[in-house]
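# Results of the structural survey
The chain contents come next:
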Amino acid sequence: MAETLGSGSEALELYSPVRWNSQDAPLRRFAALLVPVALLLAVQLQDTRQKLSFRAKCKELLEKLTPKFLVNVGLASDFSSEMLRFLRSFDCSDHDPATTHRAETELFRRTGILC
């Protein structure tokens, strides 16, 4: 049961299991949109109606989308997701301390796969 501050209809709930992952979600969206963004950059680069400076910027951005960069984006997103999953297991009103070691072992196992 969630802890509350106050009483009656004005009570404020201090715990909410629903969270927006401020790091994880944007990285995953960015990774999912990389192919359309790269395609748009390539089309803009070849469009002779665009200014030369704009086309040069498109080329520069396309050159930065290296395999190393793409892998790092994916790994950062996965690592963030695993860490948040671990931290959220403690973010409740009745966490069982007996499960801490198991959660830590599972975290190390899952993040070890990413390395």
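A quick note: this is a predicted structure, and the numbers were derived from the prediction, not measured.

This part is about the overall build of the protein chain. What the protein chain contains, in helices and strands, is four helices and two strands. Put simply, the protein chain runs from its N terminus to its C terminus through helices and strands in the order β-β-α-α-α-α. When burial is assessed residue by residue, the protein chain has 13% of its 115 residues classed as buried. Here the contacts in the protein chain between residues at least 6 apart in sequence split such that 52% fall between residues at least 24 apart. By element, 63% of the accessible surface of the protein chain is carried by carbon and sulfur atoms, the whole surface being about 8,900 Å².

A word on helix 3 (residues 67–88). Here helix 3 contains 22 residues, and its C-alpha end-to-end distance of 32 Å stays within 8% of the 32 Å for a straight helix at 1.5 Å per residue. Looking only at helix 3, the buried set comprises Val73, Ser77, Ser80, Glu82, Leu84 and Phe86.

Glancing now at the packing of aromatic side chains. For the structure shown, the criterion picks out one aromatic pair. Ring geometry for Phe30 against Phe69: centres 6.1 Å apart, planes inclined by 85°, an arrangement best described as edge-to-face. Residue Phe30 is located in helix 1 (residues 24–46), and its partner Phe69 is located in helix 3; the two are separated by 39 residues in the primary sequence. Note on Phe69: relative accessible area 32%, which makes it partly exposed.

The next point concerns a nonpolar patch on the surface. Together, Phe30, Phe69 and Leu70 make up an exposed nonpolar region whose accessible area comes to about 240 Å². Overall, Phe30 belongs to the partly exposed group, its relative accessible area being 37%.

Cut-offs used in this document
- Throughout this description, residue numbers start from 1 for each chain and increase along the sequence as written.
- For a predicted model such as this one, the threshold for reporting local features is a pLDDT of at least 70, and the threshold for listing and counting side-chain atom pairs is 80 or more; totals across whole chains, interfaces and linings nevertheless cover every residue.
- To get the side-chain values, all heavy atoms of the structure are used, and hydrogens and water are removed first.
- In DSSP terms, a helix is any run of H or I states spanning at least four residues, a strand is any run of E spanning at least two, and both are numbered starting from the N terminus.
- The rule is simple: take the accessible area with a 1.4 Å probe, protein chains only, and divide by the maximum for that residue type; under 20% is buried, over 50% is exposed, in between is partly exposed.
- In what follows, a contact means two residues having at least one pair of non-hydrogen atoms within 4.5 Å.
- Values of accessible area rely on a 1.4 Å probe in the Shrake-Rupley scheme; residue burial ignores everything except the protein chains shown.
- Expected helix span is taken as 1.5 Å per residue step, with the number of steps being one fewer than the number of residues.
- Two rings from Phe, Tyr or Trp (for Trp, the six-membered ring) form a pair when their centres are within 6.5 Å of each other. A pair whose planes differ by under 30 degrees is stacked, one over 60 is edge-to-face, and the rest are tilted.
- Patch rule: a residue counts if its relative accessible area is over 30% and it has no salt bridge; like charges are joined within 9 Å, and nonpolar side chains (Val, Leu, Ile, Met, Phe, Trp, Tyr) within 5 Å.
- By convention in these notes, a salt bridge is any Lys or Arg side-chain nitrogen within 4 Å of a carboxyl oxygen on Asp or Glu.

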